[in-house]
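Okay, here's what each chain looks like letter by letter:
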Amino acid sequence: MAEPHVTLDPQSLNPVEEKLRGPLEDQLSSALQAATVRIRQRYAGESVDQVTSMLLDQAKAGLHPDIAAGFHPDHAQLRHVAEAIVSHAH
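Residues numbered from 1 in each chain as written. Predicted model: local features only at pLDDT ≥ 70, side-chain atom pairs only at ≥ 80, totals over all residues. Heavy atoms only, no water.

Peer 1: With reference to specific residues and values, describe the packing of helix α3 (residues 48-61) against helix α5 (residues 75-89).
Peer 2: Running from N to C, α3 and α5 point in directions that differ by 115 degrees, and their axes come no closer than 8 Å. As summarised for this structure, α3 and α5 are arranged roughly perpendicular, according to the angle between their axes. Crossing hand, α3 versus α5: right-handed. Together, Val48, Asp49, Val51, Thr52, Leu55 and Leu56 of α3 and His75, Leu78, Arg79, Val81, Ala82, Glu83, Ile85 and Val86 of α5 make up the contact between the two elements. (Axes fitted to C-alpha atoms, helices over the stretch in contact; angles between N-to-C directions. Helix = DSSP H or I, 4+ residues; strand = E, 2+ residues; numbered from the N terminus. Parallel < 35°, antiparallel > 145°, perpendicular 65-115°, else oblique. Left-handed = near helix turned anticlockwise from the far one by under 90°. Contact = heavy atoms within 4.5 Å.)

What follows is the structure in structure tokens.
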């Protein structure tokens, strides 16, 4: 399973966020990757919807509260990661 990576839409960023885009993408990706590893290790038969929610919660928990508040990943892509976790567990 490939590690998830966050890519920010430059159209949605303000000038300050645009200047920090690379490090911000790295931090968001790292938090999501860490959440993926933790959930994969503790997976106990939860549904794809539950795993999707767990991924978002765990990723946000690994971020500074201000960054976490603004982290709104694409639900379909997050669900795709959850589906991979569920399918690899079976």
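There is more to say, and it comes next.
Peer 1: Report on the layout of surface pockets, specifying residues and quantitative values.
Peer 2: Its volume calculated, the largest pocket comes out at about 670 Å³. Every residue lining the largest pocket is counted, 29 residues in all, and those nearest its centre are Val6, Leu8, Leu28, Phe71 and Pro73. Elements that contribute at least two residues to the lining of the largest pocket include exactly α1 (15-19), α2 (21-42), α4 (65-69) and α5. With five residues, α5 is the largest single contributor of residues to the lining of the largest pocket. Looking at the lining of the largest pocket, its residues break down into 17 nonpolar, seven polar and five charged. (1 Å grid on protein atoms, 1.4 Å probe; cavity = no way out; pocket = protein on both sides within 12 Å on 5 of 7 lines; lining within 4 Å. Points joined across faces, edges and corners; volume = space filled by probe spheres on them. Nonpolar A, V, L, I, M, F, W, Y, C, P; charged D, E, K, R; others polar.)

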